[in-house]
Amino acid sequence: MKLIIQIPCFNEEATLPQTLADLPRSINGIDVIETLIIDDGSTDRTLEIARELGVDHIIRNKQNMGLARTFQRGLDACMDAGADIIVNTDGDNQYVGGDVPKLVTPILTGEADIVIGDRRPADNPDFSAFKRSLQKIGSGVVSSMAGVHVPDSVSGFRAISRDAARQINIVSAFSYTTEMVIQAGKRGIAMTSVPVSTNPQTRQSRLFKSMGGFIGRSATTMVRTYAMYKPLRVFFFTGLALSVVGAWPLIRFLWFYLQGAGAGHVQSLVIGGALITIGAVCFMIALIADLIAVNRQLLERVLYRIGRMEDQSANNCKPGDCQLDQADAQNFDRKSGI
């Protein structure tokens, strides 16, 4: 069993040494532990320090690509390096490396395929009252969208099995945290959370410049990810809401028209007709988007099976020895609704 701990980094020369020093060297049930750094176009000595400290794998983005794309690139690199379990942590030493065994235990016991570290935001002294409330509301919304209770949905401290990593495809350019939870929930990937500790804050987040910007971009990511998996529901109810609202001005116009005063209420006819027309367009978009979603599921099925075939080829799996892999592929089809 091979564990690779990946660390996305952007100008982390001051904190990377302590982050690496805190990582465990051995874990029960794990045969090999390796580290992987994804340098997201750092302009300081992050890359040199990673090499000096003997990091096993180093991936470098020639320019800053953002956290989400860097995270996905790290997952791909870990799988190419033969990881059975991937743990993601931050380069700013926010998370306690000694909690890594807590994250991987549910995967080793077969309880879950994704384990998210719960920082217990409501009790975290480093969080302001506003941030605690925001975390609670945000995690509640994400949990509702995913259909799985995740108390700290934006925690970047998480463990992922190889099979789950094969199914995750991050498309957001902002952050992977909420998108990954919603994707996993809609695909039926088993998730759980474990309480973890955090170190004192070393710097302000570089992911966003203002809380308002963070909320806006996070909300956009959540809505878009949910719409990828439930487009019929999203656009149908949007169209229904517009049609219901548009019906009221039309009823108002008809009421006055039947009383002979319709000429003074043409604006109600125009507004109502426009809203109902937009609602009808949303209904058509719902059908088209649902067909596109089915096509996306078919493409994901192909990508997943190609990944399994690559694993089998790397392990020199003989045709008669791959029944478990075929069962996994069929299970993936079932979860995807294919």
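Novice: Hey, could you go over the packing of helix α7 (residues 177-186) against helix α8 (residues 211-229) for me, with residue numbers and the actual values?
Specialist: The geometry of α7 relative to α8 is characterised by a closest axis approach of 9 Å and an angle of 20° between their N-to-C directions. In terms of orientation, α7 and α8 fall into the roughly parallel class. Crossing geometry of α7 relative to α8 is assigned as right-handed. Mapping the contact onto sequence places Thr178, Glu179, Ile182, Gln183 and Lys186 in α7 and Thr221, Met222, Thr225, Tyr226 and Tyr229 in α8. Of the residues belonging to the contact of α7 with α8, the class tally is 4 nonpolar, 4 polar and 2 charged.

Novice: Break down the sheet that holds strand β6 (residues 158-161) for me, with residues and values.
Specialist: Whether parallel or antiparallel, the strands of a sheet pair through hydrogen bonds between backbone atoms. An order of β3-β2-β1-β4-β6-β5-β7 is seen for the 7 strands of this open sheet, with the pairing classed as mixed. Of all strands in the sheet, those bounded by a partner on one side alone are β3 (57-61) and β7 (191-195). Ignoring strand direction, the axes of neighbouring strands in this sheet form an average angle of 20°. As paired strands, strand β1 (residues 2-9) and strand β2 (residues 32-40) are joined by 8 bridges and run parallel to one another. Directly across from leucine 3, in β2, lies its bridge partner isoleucine 33.

Novice: Tell me about α8, residues and numbers included.
Specialist: Relative to the 27 Å expected for 19 residues at 1.5 Å per residue, α8 spans 27 Å between its end C-alpha atoms, a close match to the ideal helical length. Of the positions making up α8, those classed as buried are Phe214, Ser218, Thr221, Met222, Thr225, Tyr226, Ala227 and Tyr229.

Novice: Give me the lowdown on the environment of valine 154, citing residues and values where you can.
Specialist: Position of valine 154 among the secondary structure elements: in the loop between α5 (129-146) and β6. On the basis of relative accessibility, which here comes to 23%, the residue valine 154 falls in the partly exposed class. For the pair valine 154 and valine 142, spaced 12 residues apart in sequence, the C-alpha to C-alpha distance is 9.4 Å. Apart from residues lying up to four places away in sequence, valine 154 is in contact with Arg119, Gln135, Thr177 and Thr178.

Novice: How would you sum up the packing of aromatic side chains? Please name residues and give values.
Specialist: Tallied over the full model, the rule gives 5 aromatic pairs. Seen from their ring centres, phenylalanine 253 and tyrosine 257 are 5.8 Å apart, and the 25° between their planes marks the pair as stacked. Of the two residues, phenylalanine 253 and tyrosine 257 are both situated in helix α9 (residues 231-258); the distance of 4 residues between them amounts to about one turn of the helix. You can call tyrosine 257 exposed: its relative accessible area is 53%. Ring-pair connections join several aromatic residues into one group, and the members of that group are Phe236, Phe237 and Phe283.

Novice: Explain the packing of α5 against α7 to me, and be specific about the residues and the numbers.
Specialist: Direction vectors running N to C along α5 and α7 enclose 30°, while the axes themselves pass 8 Å from each other. By the criterion of interaxial angle, the relationship of α5 to α7 is roughly parallel. Mapping the contact onto sequence places Val142, Met145 and Ala146 in α5 and Thr178, Val181, Ile182, Gly185 and Lys186 in α7. Here the contact of α5 with α7 is built from residues that sort into 5 nonpolar, 2 polar and 1 charged.

Here is what the cut-offs are and how they apply
Residues numbered from 1 in each chain as written. Predicted model: local features only at pLDDT ≥ 70, side-chain atom pairs only at ≥ 80, totals over all residues. Heavy atoms only, no water. Axes fitted to C-alpha atoms, helices over the stretch in contact; angles between N-to-C directions. Helix = DSSP H or I, 4+ residues; strand = E, 2+ residues; numbered from the N terminus. Parallel < 35°, antiparallel > 145°, perpendicular 65-115°, else oblique. Left-handed = near helix turned anticlockwise from the far one by under 90°. Contact = heavy atoms within 4.5 Å. Nonpolar A, V, L, I, M, F, W, Y, C, P; charged D, E, K, R; others polar. Pairing = 2+ DSSP bridges. Expected span 1.5 Å × (residues − 1). Buried < 20%, exposed > 50% of the residue type's maximum accessible area, 1.4 Å probe, protein only. Phe/Tyr/Trp six-rings, centres within 6.5 Å; stacked < 30°, edge-to-face > 60°.

Read these as layout, nothing more, since geometry by itself doesn't imply function.
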